[in-house]
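Inside the fold
In case you want the letters, here they are:
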Amino acid sequence: MDLLSLAKNVTRRTGKPVTDLLTATRILGTPRMPLLLALSKGFVEPVYRAAFLSSAAGSGILRRLAERPCDPGSLAEALQIGERDTPRLRTWLEMGVTLGDLGRSDGRYRLRSRAAKALAQTRYDTVAAALEEVLRFHVPVLLDGPRMLREGRRLSLADQDGTVIARSSRVVRPLVERAVARTLDTSRAVRLLEVGCGSGVHVRYAARLNPRLSALAVDLQPDVADQAARNVAEWGLTDRVEVRQGDLRTLDVQPQFDLVTLHNNIYYFPHDERVSALRRARALLAPGGMLLLTTSCRSGNSGLEALNLWFEYADFGGPLPHPDELARQLETAGFRDVRADRLLPGAPFHAFTGTRAGVPA
Amino acid sequence: MNTTDPTAPARHPEHVVVLGAPHRAAPSALGGKAARLDEMLRAGLPVPPAFCLTTEMFDGFLRDTGLAEKVRDADARTAREAVLATEIPQPVADAVVAAYAEMGRPRVAVRSSAVREDSGTQSFAGQHDTVLDVCGDDGLLDAVRHCWASLWSDRAAAYRAGDGTPGSIAVVVQEMVHADVSGVLFTVDPVGGRAHRIVVEACQGLGEGLVSGRVSSDFFVVDDRSLEVTEERVRYKVTKCAPLEPGRIGLTKVDAAARDVPCLSRGQLGELAGIAVRVRDHYGCEQDVEWALRDGAFHLLQTRPITTARPAADGAAGTAGSPYVTEQPEEIRTGTLWSRMDIGEIFVGLMTPLGLSFARHYQQHVHRDCAAALGVRDTGDADRHMGYLQGHVYLNISYGAHLLGQCPPTRDQRRFTGRFVSEEVDLTRYRNPFGTFPAGLEGTRSTVFWLRHTAREVADLKARAQRMVRSRLYEFDRARRLDPTRMSRRELRAELDRYLGCFHDAHVGYMPYYINAFGFYGVLTELCAKWLGDEGHNLQNRIKTDMSSLRTVESAKEIWAVAQAAKDAPHVLRIINDEPLERIERALRDDAEGREFWDRHMEPFLRANGTRGHQEMELTHPRWIDDPSYVFQMIRRYSADGFSIEDILRRSSGYHDTSGQVLQRLPLPKRKALETVIGLYRLCSELRETTRMSMITTIWLIRNVVYEVGRRLVQAGVLHSLDEVAYLDFEDVRRYLASAGGETEVFDRGRIDTARRLHDHHRRLPEPPLAFIGEYDVTAAVPPVAAGARLTGLGASPGRVVGRARVVEDLVWQADEFQPGEILVTRYTDASWTPLFAIAGGVVTDVGSMLSHSSIVAREFNVPSVVNTRHATQVVNTGDLVVVDGAAGTVEVAEG
């Protein structure tokens, strides 16, 4: 969408201000001015709103306001904001009123826009998280790309906020679960290795599907692994699921696994290291064991292209895979019966499976 | 000796005490064992010469070397390693060596002598270490340090639990008696404490074999008044424990001439009993004596008061003599019919505490589901299904028959009951104390359940067996690539849980094939008798299944193929023939040609057959894959000249199955019916074999984990050796893997010793009956007296054959001695004997039934066989010429 058509679009939607705008343009006579002002309403404002709503959702303000209208004082208390800063919080909330997402009466704020009301609901939490991911990761790399290149700067793992990633990856959770349900043998005991377990939800899902499943879940980041271990304890799965901080490439365990899973993390491996990582995963499988790898793939979708961009600018990981190429890498790594399946027609999310050859009869 | 150095601390002659000689050392400085030997020597008893290194020497060693500081707060392992790594200071070493030189530098046994050993209430047996057959000054000093270090073994710590410091330790150095015969003696009968019965157990070679239960032994009772032998049970003794080379004790074969004869003559028994009476008089109480015989002279190694009251029942049982594990009403307890006749063919015989506790696990977690797999709706109370008596597992036939009454084919209880009763049980007055299963609504619901279940089962019969085979190979291949020594405790726990799940599924899966095979056999027997009359006599045993389809028969052919491959590679065959059994595997793998042979022939063979072993439910028994000795023995046997597999196959195929002709005379509908039943019998027999392999593979998987735990316990010093795994409780192994605590928190050394004593006690008892009603009184049991030279049993495979008998007590050790055509005489057999069946002229067993696996295989090989003779192994001697009549079920010794 180019800027001109955007401006036209905005004109159609909000007639009167644009009329004013045109008047003002005439008055000011600066050729760049009209565009700038047009952007403030039709282009800049959505960005403001996205940032405001994402923050309001992430901090829990939306949920509180959905329960009942609140004054800044009680909100500040709930968010553990000092008394001195309460006026600043009020200013921030006023911004919400300006943007039309909040309303105010008797000094108390309430939800006003449909977007705000929707995002306040628990079931849209993943959308809120995805929004936050876009703002925190995708926007900066779009904004800073050329400058980063000029300065020779790269993104690092520290630039990622694990909790945001974990929240936003829940968008694809139903798809991952579908892939797990299709692959997991529930008729017998299964020993699972989950590489990059994140919060551990996928292991939990597998453990519930198969009561005889036991798992080793590893994550590269110590704090993520710690959180996963706490989650596992909370879910009462400590007996069956062991969580360790660990790296697939150096993990020293016996080839005991019937299933190795990698969900949404193959792009954390640089492109040319994927085959060796997959080889390693294969070496940890029992003969006849299976690998399940789920990931979004390149598809022209702008969100995924932005994610791809992020990884291109990072000093770790690599681009999102192309389905055919990743399937070939699995084969190169020694997997048999390699398959790449779309889990939802039209969606760029894929499940790859491959088996380690059994002992010939 | 360095006596000139003035700076050296004073020598320690006063810390070396020659036992039995005058000395001033306090008993506490000698430790329990040395003090007892000292007293025995003073009493003039025949004890080999010995000296003791007192606790003061040990304390001085700690002080002088600075170890005392180091070990004060160290953990057990660090302390142990520090002691082992510290040189004994020269003056101390000199004193030890001087005493050794004075003795004449013989081979010696070096034993630790704990201060608190045998302190009245607690038996400290096995607490500390023993090093046998030590020679040379350096060897002696190493052994001494080893004994000192044992003060910090977890085993010792386990005994001390609660009372703090390790204290001190003395060491006994005693001349080693290279015994011709050894054993133990009890001045009172351990069975019921019957008076005037001195019980002697004797084995060939060193007594260590007896203690570890690895060699068979003779049993005698001597009257303590007349010193006459009043009872004698002589077993066939194949192996003995002996020094293989200086410092290495191991099993070796007993000379053929000494195997059949009693270890001790009546005169020797009288002499030994006389010594025992003197010991008892000296101490004034009943004694448990360890003795050895060398060049006709007796030596006493140890004597101790019998502190343990007679081990009462087998643990939980309310009443001694009843196998029940839980309290039962009187009429049930006294009216229940018990049997151990080939139950699953894996429970036969005396089991170790580990085996028993695993059987108990099976009872609690698997058995009821097995019943459900047969279409039984109400599977009852798990605790009632099985029982335990004198280390033997029994099936509760009354309860089983009662519950099986829910299924139409077994509504008549006699169908089930009859299968498990041996002739010593009189059923005329037997009434099932559980009664018949209620009819009415409950009965109808059960019938519906059975019908639905059976319909499903029949539809899925073959496919299910195939799934079990696939699953077996998957689990086998997976486990074969795992190195359990490199797995964490958590990982091992996941493994054990997984394997127990596999075991459950495979056992439950196997059961319908097993029971259906004998169900169709029963139907066949009835129909033959009804429709064919005399002509149909024994028809059910004359039909042959398709030989190639029987998995265990196949295993004999596969060994044959491996033997041929070895023959084609003379270098490989040389390794197999020349290396000692325990080194063949290593030697093959280390050799280029051998490695290729291993990969191409042995590995596939072991994949197909390796998880077999004898009495597979007994976890302590190694499987072929764990110890391929037997496989190598059979390769040696099969590769020797003189016969070929063609001989075996010809014999088998040459057998004329006349059942077809007999059937021709029947009217078509009856013929079709019979043929259908025969077909189903064949199918189930075949699938039973296939799925049995899946089932026993899961036991092998479990065994691997248990032995890995055992290895860790040995490493931690809780167990002396892997042999002691036999005394563990299976549930403790599970608890250990589920916990993060130390080994001693879970494994109580006192319990391990109690289990060992109980097992030793069981071994000494006469074998309990195969079947009995109510309770069994071991003291009232009259040992069976062989009734002349003619034995009667069950004719399991028809045919009459005359041949030389060979009594086989130990399959692994004797497989290579067996000559083709000989009559195999043994206590009982199972699938692992199949390769030997293939070359046997006939098979005779003490225990067995028509549908024992071995009976089926004997029929397949067309080998005449008589089973369940009860005492063939006692009546028949190796080399006797015997006549086996498999149709009549008789065995006659034609020429003794």
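Analysis parameters
Residues numbered from 1 in each chain as written. Chains lettered and ligands numbered in written order. Predicted model: local features only at pLDDT ≥ 70, side-chain atom pairs only at ≥ 80, totals over all residues. Heavy atoms only, no water. Helix = DSSP H or I, 4+ residues; strand = E, 2+ residues; numbered from the N terminus. Buried < 20%, exposed > 50% of the residue type's maximum accessible area, 1.4 Å probe, protein only. Contact = heavy atoms within 4.5 Å. Pairing = 2+ DSSP bridges. Polar contact = N/O pair within 3.5 Å; in protein donor to acceptor, adjacent residues only side chain to side chain. Domains from an automatic or database assignment. Buried area = accessible area lost by both parts, 1.4 Å probe. Salt bridge = Lys/Arg side-chain N within 4 Å of Asp/Glu carboxyl O. Expected span 1.5 Å × (residues − 1). Bend = angle between axes of the 7 residues up to and from the residue. Axes fitted to C-alpha atoms, helices over the stretch in contact; angles between N-to-C directions. Left-handed = near helix turned anticlockwise from the far one by under 90°. Nonpolar A, V, L, I, M, F, W, Y, C, P; charged D, E, K, R; others polar. Phe/Tyr/Trp six-rings, centres within 6.5 Å; stacked < 30°, edge-to-face > 60°. Lys NZ or Arg CZ within 6 Å of the ring centre and 35° of its normal. UniProt positions renumbered as here; feature names shortened; annotations may be inferred.

Under an unreviewed UniProt entry, the name given to chain B is Phosphoenolpyruvate-utilizing enzyme, and the source organism is Streptomyces aurantiogriseus.

The name that an unreviewed UniProt entry assigns to chain A is Methyltransferase, with the source organism given as Streptomyces aurantiogriseus.

Each helix and strand in chain A was counted, giving 15 helices and nine strands. Burial status across chain A gives 46% buried among its 361 residues. In chain A, of all internal contacts separated by at least 6 residues, the share reaching a separation of at least 24 is 69%.

A word on the pairing of strand β16 (residues 392-396) of chain B. Residue and element names in this part refer to chain B. The element β16 is largely enclosed, with a buried count of five among its five residues. Of the two faces of β16, the one carrying His392, Tyr394 and Asn396 and the one carrying Val393 and Leu395 are both buried. Across two bridges, strand β14 (residues 337-339) lies against β16 in antiparallel orientation. Following the sheet pairing, Ser339 is matched in β16 by Leu395.

We now examine the environment of Arg105 of chain B. All names here are of chain B. Relative to the helices and strands, Arg105 resides in the loop between α5 (90-103) and β3 (108-114). Put simply, Arg105 and Leu227 are 122 residues apart on the chain and 37 Å apart in space, counted from C-alpha to C-alpha. Not counting residues up to four positions away in its chain, the partners in contact with Arg105 are Val97, Tyr100 and Asp137. At 2.9 Å, the side chain of Arg105 and the side chain of Asp137 are in polar contact.

Let us look at the domain arrangement of chain A. Residue and element names in this part refer to chain A. Domain annotation of chain A identifies domain 1 (3-122), domain 2 (124-163) and domain 3 (172-355). Counting residues at the interface gives 10 residues for domain 1, matched by seven residues for domain 2. When domain 1 packs against domain 2, the two sides together hide about 710 Å² of surface, and 68% of this comes from carbon and sulfur. Inspection of the region where domain 1 meets domain 2 yields zero salt bridges. The interface formed by domain 1 and domain 2 contains two residue pairs in polar contact (both at pLDDT 80 or more). Elements that contribute at least two residues to the side of domain 1 that touches domain 2 include exactly α3 (33-58) and α7 (114-119). Broken down by element, the side of domain 1 that touches domain 2 gets its largest block of residues, five residues, from α3.

How big an interface is tends to be reported as the loss of accessible area on association of its parts. On the side of chain A, 26 residues touch chain B, which itself brings 20 residues to the contact. When chain B packs against chain A, close to 1,800 Å² is buried across both sides, 43% of that on carbon and sulfur atoms. If you look at where chain B meets chain A, you find seven salt bridges. Between Glu242 of chain A and Arg490 of chain B there is a salt bridge, with its nearest N and O atoms 4.0 Å apart. Where chain B touches chain A, the interface holds nine residue pairs in polar contact (both at pLDDT 80 or more). Those elements that provide at least two residues to the side of chain B that touches chain A are α17 (440-480) and α18 (489-532) of chain B. Examining the composition of the side of chain B that touches chain A, we find that nine residues originate from one element, α18 of chain B, more than from any other.

Residue and element names in this part refer to chain B. In the structure shown here, the tally under the stated rule is 74 salt bridges over all chains. One salt bridge in this structure joins Glu596 and Arg600, with 3.5 Å as the shortest N-O distance. In this pair, Glu596 and Arg600 both sit in helix α23 (residues 592-609), four residues apart, roughly one turn of the helix. Judged by relative accessible area, Arg600 falls into the exposed class, the value being 55%. In this structure, Arg763 engages Asp760 in a salt bridge whose closest nitrogen and oxygen atoms are separated by 3.1 Å. Highlighted residues: Arg763 and Asp760, both in helix α30 (residues 749-764), separated by three residues, approximately one helical turn. Take Arg763: its relative accessible area is 22%, and that puts it in the partly exposed class.

A separate point is helix α1 (residues 27-42) of chain B. All names here are of chain B. The terminal C-alpha atoms of α1 lie 14 Å apart, and with 16 residues this falls more than 12% below the ideal 22 Å at 1.5 Å per residue. Along its length, α1 reaches its greatest deviation from straightness, about 85 degrees, at Lys33. Buried within α1 are the following residues: Ala29, Leu30, Gly31, Gly32, Lys33, Ala34, Arg36, Leu37, Asp38 and Met40. Positive phi appears at Gly44, one or two residues downstream of α1, with a value of about 80 degrees.

With that out of the way, let us pick up the packing of helix α8 (residues 125-151) of chain A against helix α14 (residues 302-312) of chain A. Residue and element names in this part refer to chain A. At their nearest, the axes of α8 and α14 sit 9 Å apart, and the two run at 65 degrees to each other. Of the two elements, α8 crosses α14, and the hand of that crossing is left-handed. Touching Glu133, Phe137, His138, Val141 and Leu142 of α8 are Gly303, Ala306, Leu307, Leu309 and Trp310, all from α14. The class makeup of the residues in the contact of α8 with α14 is seven nonpolar, two polar and one charged.

Considering all chains together, one arrives at 25 aromatic pairs over all chains under this definition. Between Trp291 of chain B and Phe298 of chain B, the aromatic rings sit 5.7 Å apart at their centres with planes inclined by 75 degrees, giving edge-to-face as the arrangement. Like Phe298 of chain B, Trp291 of chain B is buried. Three or more aromatic residues joined by ring pairs make a cluster, and in this case those are Phe137, Tyr267, Tyr268, Trp310, Phe311 and Phe316 of chain A. Positioned over the ring face of Trp235 of chain A is Arg204 of chain A, at 4.3 Å from the centre of the ring.

Over its 13 residues, helix α12 (residues 353-365) of chain B extends 18 Å from the first C-alpha to the last, a length consistent with the 18 Å expected when each residue adds 1.5 Å. Burial runs high along α12 of chain B: 10 of the 13 residues are buried.

Before going further, it helps to examine the UniProt feature "domain: Methyltransferase" (unreviewed entry) in chain A. As annotated by UniProt and renumbered to match this structure, "domain: Methyltransferase" (unreviewed entry) occupies residues 193-289 of chain A. From the first C-alpha to the last, residues 193-289 of chain A spans 11 Å; its make-up is 33% helix and 28% strand.

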